[in-house]
Amino acid sequence: MKSISLFIDKGTWLNRLHPYTKLLYILAAVAVPLIGGNLWLFVAMIVSSLLILASGKIIKNALPLIAFSFTLIIVIFLIQGLFNHSNETAFFSVFGLTFYKEGVMYATGIGLNILNMLLSFGIFVLTTSPQELVDELEKSGFSPKFGYIINSVFQILPQMMSTKDTITDAQRSRGMETEGKLIVRMKAFLPLISPVVMSSLINTRERAIALEVRGFGRKQKKTWLSDREKNKGDRLIGIILVALIVLTIVWRVVLCR
Amino acid sequence: MPVITIENLKYKYPGTDTLVLNDVSLTIEKGEFIGIAGANGAGKSTLSQAVMGLVPQFYKGAYGGKVILSIDGEGEINTKTTPITKLCEYVGLIFQNPFNQLSGAKDTVYGEVAFGLQNLGVEREEMKRRVETVLKQLDIWEYRDRNPFDLSGGQMQRVAIASILVMQPSIIILDEPTSQLDPQGTEEVFRVVDQLSKTGITIIMIEQKIEKLASFCDRIVLMDKGRIVDIDVPDNIFSRDDIEELGVRPPVFTRFCKKYDIKNPDGSYPATLERTMALLVGREIDVTEDDIGEIQNGKKAESVVLESTGPEGEIVFNVSRLSFSYTADVDIFKELSLSLDKRPTAIIGQNGAGKTTLVRLLKGLLKPVSGTILFGGEDIAEKTVAMLAGKVGYVFQNPDDQIFKYNVLDEVMFGPLNIGMSEDEAREQSLKALELMGLKGKEKENPYDLELFERKMVAIASVVAMDTDVIILDEPTIAQDYPGRQMIAGMIHELSKQGKLVIAILHDMDFVADNFERVIVMAHGKILLDGGVKSVFSSENNEILAMARIQKPYSFLLCEEL
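All values derive from a computational prediction rather than experimental measurement.

**Quick word on the overall build of chain B**
And then number 1: Helix and strand content of chain B: 24 helices and 20 strands.
And then number 2: The C-alpha atoms of chain B give a radius of gyration of 24 Å, which matches the 24 Å a tight globule of 562 residues would have.
And then number 3: On the principal axes, the C-alpha backbone points of chain B span a range of 70 × 60 × 50 Å.
And then number 4: Scored against the burial criterion, the 562 residues of chain B give a buried share of 53%.

In structure tokens form, the structure reads like this:
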């Protein structure tokens, strides 16, 4: 089945880490540079995220994320470097265009921020199964119905996509053209989309029954197949991350006095 | 105290005027294995859903009378007022479509089966013990880490059964649980269910596979138009003179015994092979080949027509050295060669044998990796699906994958118009096809207001109306009762008579034996057997059939015993 989640199970320490620890890392990665207010802190966090990705053998999978952020960052550089309202000091010129220091610094800040967030978020998304996250959220008191919606999106959406392929085949078998000019494609829209919608509705009713006969929605505390106990690594990393945030705050407060 | 007491139950679905259940009363004792038989629309599913509380709690509608469960240690439970999420501790429901029974919340088979127990709040160690036990019992332990959506229909259905079994209900309802399974899968399900009934679980089973009902059930409830016609042991039920009029075809053994007047001491005819053979000990009967044919086909004349249809030797499809794979590392077919003439041909085999892939290749929906498929002498690799549409028709398994119009006639006319028929011609062909599929008078109805078995007929009609030289049917008999199967059989005979090639993928072996001239047995992408019905199912092929996990038609089993 084609999965729509980005999760890859490489069995590394990152996969074994508790989802909450990884969420805490995102928090730390975003908060420390912002509180610290120093561009070098962004660089430090980005380097650490890259090292973590590398140790989890998923740096290749993170490349699309980085590529995506770079297009964004370049646009920001162009706009801010050329047109930022506080631009005063000329920095350098390329092809007769003058970039200003203020704008470039501002763009660097935003750019590093974006890259930092994307990378730390990437660590989380690439190494955490949605199922596991929802389970942990439910254990912490999240509504099972809301959890079910998230889970089922990951399970049932790919199914609907493959139903669409079957439907396309069924209609092509009845002589319908599905490829070619725009008008042909527009004519094909209804015969393709109606069965998807109608069969989803029919399926939904049956699935609602299936869930109910298995006790879903019962007012009772659920039990779980396993506890995702925080392990030693989780605790150690958690302490380091919290300490990092606290230290930054203290440092900032002391500095401002 | 009976475990289920149904008193004067009446029920109407919301927005309808007909009573689907009309004054039904019934008591079922603990540990009984009850079968429910009857034509489509008799109220079988509705009755079972009333036991589960879905009628009226889920479906609403008008409800009268009562259904009371009496469970050890729990006292009396009214299924109208007890929430379904509570009732599910006592009653489990398994239905036809395996895909829709998966919760959709779990990404492993193991987690899927445990889902219900989590909701019931069962302790962890107990939960693990139970999940392991049922997974092993149903022979799906090896799939425990797989995504349930990646499994085949038969495997998925076993996951669905496991998911209910694990909750240890006292009553299990199975609503045509095997209709989408291959014969071996069906046998496995029945074996498991039989074991369960011996452990004191009460079982209610709705099933069109009548021979199975006859051999497993303690009693059979015969229903017609919302009423219970009769409740009795299988032999008595199937010996009734009006049984066929009620839309139920008696087992082949009953038909045979009726013909030769082989009776139980109480005057009824035996409905199973074992009971038939027991009565035959020490008796000589003179059975001719013709008689067997008659028992198989119902009508002698038809079988004669069958043998002579289609000029043999005129090749329609010529498949040579065909190789195909979906992914680079797994070959589905390797150098497969086959030619198809105009004889009606059934393709049989276990789930996953490559049957659907083969017919999709014939239809041009898939392209061969190597080798050629000639259709009427031309290579179909050079044609698009749309070009082939007017020549080769293909009825998909699930009618809901194609229906999109708001009335039946428009739906059926869609294909004919696409392949260039004029409006009048398309209408004429469509009306003819609808009549052939028993849908005369339903032209103006919305297809979605029809039942699944009728929607299947609409889908078949919509392809028949295209008047193609070849028509391929994927599992046409699913969800059909005896009259429905007869209708499909009639269509196959009619089209063959017109010189068209009919190819069907089927799991219903008795239907194959009754209606096809050529049988192709497939397993693991290879053709194991290919020939006439008699030669393929002859006893010398027993070993190969077992290998392909095919169960012989009951009529052949009977002949062998004789």
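**Describing the overall build of chain A**
And then number 1: For chain A, the count of helices and strands is 9 helices and 2 strands.
And then number 2: Along its sequence from the N terminus, chain A presents helices and strands in the succession α-α-α-α-β-β-α-α-α-α-α.
And then number 3: Taking 2.2 N^0.38 as the reference for a compact globule, 257 residues should give roughly 18 Å; the C-alpha atoms of chain A span a radius of gyration of 25 Å, well beyond that estimate.
And then number 4: Its C-alpha atoms put chain A at 70 × 55 × 30 Å along the principal axes.
And then number 5: Of all 257 residues assigned to chain A, the portion counted as buried reaches 26%.
And then number 6: Long-range contacts, defined as pairs at least 24 residues apart, comprise 70% of the intrachain contacts of chain A with a sequence gap of at least 6.

**Examining the domain arrangement of chain A**
And then number 1: Partitioning chain A into domains gives domain 1 (13-128 + 229-256) and domain 2 (143-212).
And then number 2: A straight line from the C-alpha centre of domain 1 of chain A to that of domain 2 of chain A covers 39 Å.

**Details of the pairing of strand β16 (residues 392-395) of chain B**
All names here are of chain B.
And then number 1: Side chains of β16 alternate between two faces, with V392 and Y394 and G393 and V395 buried alike.
And then number 2: For β16 and strand β17 (residues 470-474), the ladder comprises 4 bridges, and the chain directions are parallel. Following the sheet pairing, V395 is matched in β17 by L473.

**Focus on the domain arrangement of chain B**
Residues and elements named next belong to chain B.
And then number 1: In terms of domain boundaries, chain B breaks down into domain 1 (4-238), domain 2 (252-306) and domain 3 (314-561).
And then number 2: Inter-centroid distance (C-alpha atoms) of domain 1 to domain 2 is 33 Å.
And then number 3: Taken together, the contacts link 7 residues of domain 1 with 8 residues of domain 2.
And then number 4: Within the residue set of the side of domain 1 that touches domain 2, elements represented by two or more residues are α9 (210-216) and α10 (234-238).
And then number 5: Element by element, the count of residues in the side of domain 1 that touches domain 2 is highest for α10, at 4 residues.

**Description of the interface of chain B and chain A**
And then number 1: Each partner contributes residues to the interface: chain B has 51 residues there, and chain A has 45 residues.
And then number 2: Broken down by element, the residue count for the side of chain B that touches chain A peaks at 7 residues, all from helix α5 (residues 109-120) of chain B.
And then number 3: For the side of chain B that touches chain A, a count of residues per class yields 24 nonpolar, 19 polar and 8 charged.

**Comments concerning the environment of E88(A)**
All names here are of chain A.
And then number 1: Turning to its location among the elements, E88 is positioned in the loop between α4 (59-83) and β1 (90-94).
And then number 2: As for E88 and S120, which are separated by 32 residues in sequence, their C-alpha atoms are 34 Å apart.
And then number 3: The residues contacting E88, other than those within four sequence positions of it, are Y100 and E102.

**Digging into the nonpolar core**
And then number 1: Counting residues in hydrophobic clusters, the biggest one holds 185 residues, and the most contacted among them are V113(B), A162(B), A461(B) and I472(B).
And then number 2: Among all residues touching A162(B), those that are not within four sequence positions of it are V113(B), V134(B), L135(B), L138(B) and I140(B).
And then number 3: Formed by 18 residues, the second largest nonpolar core is a distinct cluster that contains L17(A), I26(A), A62(A) and L119(A).

**Considerations on the environment of N203(A)**
Residue and element names in this part refer to chain A.
And then number 1: For N203, the position within the fold is in helix α8 (residues 182-212).
And then number 2: Judged by C-beta crowding, with 20 C-beta atoms within 10 Å, N203 ranks as buried.
And then number 3: Considered as a pair, N203 and T71 are 132 residues apart in the sequence and their alpha carbons are 42 Å apart.

**Some remarks on unusual backbone geometry**
And then number 1: In this model, V55(B) is joined to P56(B) through a cis peptide bond whose omega is 5 degrees.
And then number 2: With respect to the secondary-structure elements, P56(B) resides in helix α2 (residues 54-57).
And then number 3: Non-glycine residue F95(A) carries a positive phi angle of around 45 degrees.
And then number 4: Along the chain, the position of F95(A) falls in the loop between β1 and β2 (97-100).
And then number 5: When the 4 C-beta atoms within 10 Å are taken as the criterion, F95(A) is described as exposed.
And then number 6: One non-glycine residue with positive phi stands out, namely K225(B), at about 45 degrees.
And then number 7: Relative to the helices and strands, K225(B) resides in the loop between β9 (219-224) and β10 (227-232).
And then number 8: Judged by C-beta crowding, with 15 C-beta atoms within 10 Å, K225(B) ranks as partly exposed.

**A few points about the sheet that holds strand β11 (residues 317-324) of chain B**
Residue and element names in this part refer to chain B.
And then number 1: Across the sheet, which stays open at both edges, the 4 strands sit in the order β12-β11-β14-β15 with antiparallel pairing between neighbours. Every other strand in the sheet has two partners, leaving β12 (333-340) and β15 (378-379) as the edge strands with one partner each.
And then number 2: The sheet contact formed by strand β14 (residues 370-375) and β15 spans 2 bridges and is antiparallel. Its bridge partner lying in β15, F375 is registered against E378.
And then number 3: Across the sheet, helix α15 (residues 355-363) touches β11 and β14, and the angle it forms with β11 is around 120 degrees.

Rules of the game
- Residues numbered from 1 in each chain as written.
- Chains lettered and ligands numbered in written order.
- Predicted model: local features only at pLDDT ≥ 70, side-chain atom pairs only at ≥ 80, totals over all residues.
- Helix = DSSP H or I, 4+ residues; strand = E, 2+ residues; numbered from the N terminus.
- Rg over C-alpha atoms; globule rule 2.2 N^0.38 Å.
- Buried ≥ 20, exposed ≤ 12 C-beta atoms within 10 Å, placed from the backbone.
- Contact = placed C-beta atoms within 7 Å.
- Domains from an automatic or database assignment.
- Pairing = 2+ DSSP bridges.
- Nonpolar A, V, L, I, M, F, W, Y, C, P; charged D, E, K, R; others polar.
- Core = buried A, V, L, I, M, F, W, Y, C linked by C-beta atoms within 7 Å.
- Axes fitted to C-alpha atoms, helices over the stretch in contact; angles between N-to-C directions.

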